[in-house]
Amino acid sequence: MSDRRNLTFPAVHPCESISIITLINSLLQLAGKIISFKLKHFSTNKGNVKETFRHIHNLIAIFQEIRVSKLPACHSFPRSAIISLSELHVIFQKLKFLLQDCTREGAKLYMLINSDQVSSHFQVLTRSISTCLDTFPVGSVDLPEEVNELIYLIIRQTRKYEARPDREDKRAIDSVYWIFNLFENRIKPNRDEVLRVLDHIGVRTWSDCVKEIAFIQEEITIENKDKNEVELLSSLMGFICYCRCVILLQRIHEDEDTKEEDDVIMNDPVVLETNHTYDRSSIAKWFSAGNITCPKTGKNLISTVLVGNVSVKQLVHSYFKQDIDKKSKKKKSIVPESLAAEEAGKLIADFLAGELINGGAKEMVKALVEIRILTKTSSFNRSRLVESGALESLMKLLRSGDPTIQENAMAAILNLSKDIAGKVRIGGSCGGLEMIVEVLNEGERRESKQDAAAAIFYLSSHGDYSRVIGEIPGSIPGLLTIVKGCEYGDSAKRNALIAIRSLLIQQSDNHWRVLAAGAVSVLLDLVRSGEAGDGVKADSIAIIAKIAECPDGMIAVLRRGGLKLAVKILDSSEVSPATKQHCVVLLLNLCVNGGCDVVGALVKDPSIMGSLYTVLSNGECGGGRKACALIKMIHEFQERKTEPGFERGRFVHAW
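Residues numbered from 1 in each chain as written. Predicted model: local features only at pLDDT ≥ 70, side-chain atom pairs only at ≥ 80, totals over all residues. Heavy atoms only, no water.

### Structural notes on the overall build of the protein
And then number 1: Helix and strand content of the protein: 33 helices and 3 strands.
And then number 2: With 655 residues in all, the protein has 52% of them scored as buried.
And then number 3: Summed over its atoms, the accessible surface of the protein is roughly 30600 Å², and 51% of this surface lies on carbon and sulfur atoms. (Helix = DSSP H or I, 4+ residues; strand = E, 2+ residues; numbered from the N terminus. Buried < 20%, exposed > 50% of the residue type's maximum accessible area, 1.4 Å probe, protein only. Areas by Shrake-Rupley, 256 points an atom, 1.4 Å probe, with all protein chains shown as cover.)

So, in structure tokens, the structure goes:
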């Protein structure tokens, strides 16, 4: 998508020293681009567009005559003529931008509503052609008489040109505003009238509506818009969403992409001896499958040692952060800003909830797709769908034998679990939490399982639900299955990890359940492996640190080499500050619960103090205070050790 906003025309004036040959050739090239728009559909001002093409065709004839008859003698071409043609060049650029806007994918409804402004631009630019030609020295250029007459004809036609929106444009706009009025009164609009508007602007498919929504959303997020403009855009959003969800829902084709966009990022870039960079987890899977070649070149590798590519990692993470910032700005204001948009959202929710109950198999799948998208869009859509009763139908569909239905239903439930009322409905429905755990363990597709893990995280923020989920057999083991599963990517693993951590934080009784499920060995093995990205490592160590808050958890971590591993990671230059912070918390918890034996084992490592002072000096992620407490504990241990009568505490095998 272009960075240029609609109905803005950043034209560039030709340089003063431009030759007539270059100028004429550039004008003909621009005119050709303008004429090429004939093949496209115009959502508004079709009559003005037709007149513009007629004027451009006449101007092309003039330029071609100048190129044929006068360019050989271009050294004597009048300066005033070059200035006149240079101004025409600017007008042509602006006309090209205007035609681009009138045919822009996603902006068709927006351009229709702004048809008066579009007409005004056509009028100003068309009359500017007359102004430019008025200054063209017809008598000095010595063109054929019929060409001079054509110039005078264009001047007469463009001088007082009156550009008006088409009658059909006005009719379509009136229909849109009438539909707004119906929405405000919670009345369903006539299907044929809606289709007539969509046909007029050239929006005929579900995917066309998706493009329209994306464009309007981008317009809404632009700052410094007045209240009336924001309300109009919000109403347009409600209208086009209604069209997509209700009117054109049946027009979703199997080849149309209805999947949600996922962020795909190279979490931990590593470089091979061929100098090609890959994600650590991906290339590790490649090697574990028995391949000893570079995937890109096919060259046999002498060594499969993976070296971290720090520069690429910094670039990727910087880009990813900027991308998240852009998306958060785009998504932050999807809440309806007009009554029409709000009531349209309620009509949409009621319709989709009805499709889940009364629709056939195909209608149900299409409704699920819409619900999945809408529930990810905004809190308003989530609350409307919860109120419509859609959640109860979605819960029943989790046990559908159709993998597609189950996947979309689980994704929608995940999104609805972010809503407060949605949490209550899920937990309050008969066996709702049990069904989600069932999908976690026995889901038809991998995507369904990882969405179930993410849903458990949101649901566990409710204290009672955290206890109930922990008591369900298979909940914590199911999450650990995702964590250690080679077929799951870092995103899925992190969903499962934050769910486990939430269960631990919200409900202390889950502590022994996590231990009994073998979480400590699974997490330590994951951290030790070279396949996990830094985010996965950080989340894993955070859980281990939480487990180590209790004596039995501390013992389990120490017996499996957790102390030595934490010291090693803390000394590494390849992990993030957040990972180091969790390592400091883990070490502090081990020392607090393990006493002198653990502290004594810790001080034997010569790198520990340097690592702690580095964390302390950086003060990143709030790890400074924990590092300070641990340093103080080590100093106190060393001071007591030198005192006479120093006695060791209970023995704990720390190293």
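### A short note on the sheet that holds strand β2 (residues 277–279)
And then number 1: Taken in spatial order, the 3 strands line up as β2-β1-β3 in an open sheet, and their pairing is antiparallel. With one partner strand each, in any of the chains shown, β2 and β3 (307–308) form the two edges of the open sheet.
And then number 2: As defined by bridge partners, strand β1 (residues 269–271) adjoins β2 across 3 bridges and the pair is classed as antiparallel. Each bridged residue has a counterpart across the sheet, and for V271 the counterpart in β2 is T277. (Pairing = 2+ DSSP bridges.)

### Some details on the pattern of salt bridges
And then number 1: By the definition in use, this model includes 26 salt bridges.
And then number 2: Measuring nitrogen to oxygen at the nearest pair gives 2.9 Å for the salt bridge that ties E370 to R244. Linking E370 in helix α15 (residues 361–377) with R244 in helix α11 (residues 227–247), this pair joins segments that are 126 residues apart in sequence.
And then number 3: Residue E370 is classed as buried on the basis of its relative accessible area of 0%.
And then number 4: The class of R244 is buried, set by a relative accessible area of 5%.
And then number 5: Across the salt bridge formed by K346 and E343, the nearest N and O atoms sit 3.4 Å from each other. Separated by 3 residues within a single helix, K346 and E343 lie in helix α14 (residues 339–358), roughly one turn from each other.
And then number 6: Owing to a relative accessible area of 10%, E343 belongs among the buried residues under this scheme.
And then number 7: What emerges from the salt-bridge pattern is a single network uniting R186, E342, E343, K346 and D350. (Salt bridge = Lys/Arg side-chain N within 4 Å of Asp/Glu carboxyl O.)

### What to know about the side chain of S234
And then number 1: Within the secondary structure layout, S234 lies in helix α11.
And then number 2: A residue is classified by how much of its surface remains accessible, and S234, at 5% relative accessible area, is buried.
And then number 3: Only 2.8 Å separates the side chain of S234 from the backbone nitrogen of E337, close enough to count as a polar contact. (Polar contact = N/O pair within 3.5 Å; in protein donor to acceptor, adjacent residues only side chain to side chain.)

### Digging into the environment of I173
And then number 1: You can see I173 is positioned in helix α8 (residues 167–184).
And then number 2: As a C-alpha pair, I173 and L112 span 61 residues in sequence and 7.0 Å in three-dimensional space.
And then number 3: When sequence neighbours within four positions are dropped, the list of residues in contact with I173 reads L112, I113 and S115. (Contact = heavy atoms within 4.5 Å.)

### Side note on helix α7 (residues 145–159)
And then number 1: Counted at 1.5 Å a residue, the expected span for α7 with its 15 residues is 21 Å, and the 21 Å between its end C-alpha atoms agrees.
And then number 2: Taken together, the buried positions of α7 are V147, N148, L150, I151, I154, I155 and T158. Down the axis, α7 shows its buried residues gathered within 155° of arc, on one side only. Exposed positions of α7 whose direction lies more than 90 degrees from the buried face are E145, E146 and R156.
And then number 3: On the buried face of α7, the contacting elements are α2 (46–69), α5 (115–134) and α6 (138–141). (Expected span 1.5 Å × (residues − 1). Arc of directions from axis to C-beta.)

### Quick word on the environment of R625
And then number 1: Position of R625 relative to the elements: it lies in helix α33 (residues 623–642).
And then number 2: The exposure class of R625 is exposed, given its relative accessible area of 69%.
And then number 3: It is 9.9 Å that separates the C-alpha atoms of R625 and V585, two residues lying 40 residues apart in sequence.

### So, the packing of α14 against helix α17 (residues 390–397)
And then number 1: Following both chains from N to C, one finds α14 and α17 inclined at 35°, their axes separated by 9 Å at the closest point. Judged by the twist between their axes, the crossing of α14 over α17 is left-handed. Contacts from A353, L356 and I357 in α14 reach A390, S393, L394 and L397 in α17.
And then number 2: Grouping the amino acids of the contact of α14 with α17 by side-chain chemistry returns 6 nonpolar, 1 polar and no charged. (Axes fitted to C-alpha atoms, helices over the stretch in contact; angles between N-to-C directions. Left-handed = near helix turned anticlockwise from the far one by under 90°. Nonpolar A, V, L, I, M, F, W, Y, C, P; charged D, E, K, R; others polar.)

### So, α2
And then number 1: End to end, α2 covers 35 Å across 24 residues, agreeing with the expected 34 Å (1.5 Å per residue, within 8%).
And then number 2: Within α2, burial applies to N48, V49, T52, F53, H55, I56, N58, L59, I60, I62, F63 and I66.
And then number 3: Along its buried surface, α2 packs onto α1 (20–35), α3 (79–102), α5 and α7.

### Some remarks on the packing of helix α30 (residues 577–594) against helix α31 (residues 596–603)
And then number 1: At their nearest, the axes of α30 and α31 sit 6 Å apart, and the two run at 135° to each other. Judged by the angle between their axes, α30 and α31 are oblique. Residues L587, L590, C591 and G594 of α30 lie in contact with α31, whose contacting residues are C596, D597, V598, V599 and L602.
And then number 2: The residue inventory of the contact of α30 with α31, partitioned by class, reads 7 nonpolar, 1 polar and 1 charged. (Parallel < 35°, antiparallel > 145°, perpendicular 65-115°, else oblique.)

### Brief notes about the packing of aromatic side chains
And then number 1: Applying the stated criterion across every chain, the model contains 6 aromatic pairs.
And then number 2: Judged by centre distance (6.3 Å) and plane angle (70°), the ring pair of F42 and F53 falls under edge-to-face. Of the two residues, F42 is situated in the loop between α1 and α2 and F53 in helix α2; the sequence distance between them amounts to 11 residues. Across the pair, F53 and F42 agree in class, each one buried. (Phe/Tyr/Trp six-rings, centres within 6.5 Å; stacked < 30°, edge-to-face > 60°.)

### Regarding the nonpolar core
Within soluble globular proteins, side chains that are nonpolar tend to cluster in buried spots.
And then number 1: The biggest cluster of nonpolar side chains holds 191 residues, and the ones touching the most others in it are L85, L88, F92, F239 and I436.
And then number 2: The next biggest cluster of nonpolar side chains, apart from the first, holds 7 residues, and it includes V270, Y278, I283 and L301. (Core = buried A, V, L, I, M, F, W, Y, C linked by side-chain atoms within 4.5 Å.)

### Notes on the confidence of the model for the protein
And then number 1: Taken as a whole, the protein shows an average pLDDT of 85; of its residues, 88% reach a score of 70 or greater.
And then number 2: In the predicted structure, residues 253–264 sits below a pLDDT of 50 and forms 19 contacts with residues beyond four places in sequence or in another chain.
And then number 3: Here residues 327–333 scores under 50 on pLDDT; set against residues more than four positions off or in separate chains, the count is 9 contacts. (pLDDT = per-residue confidence, 0-100.)

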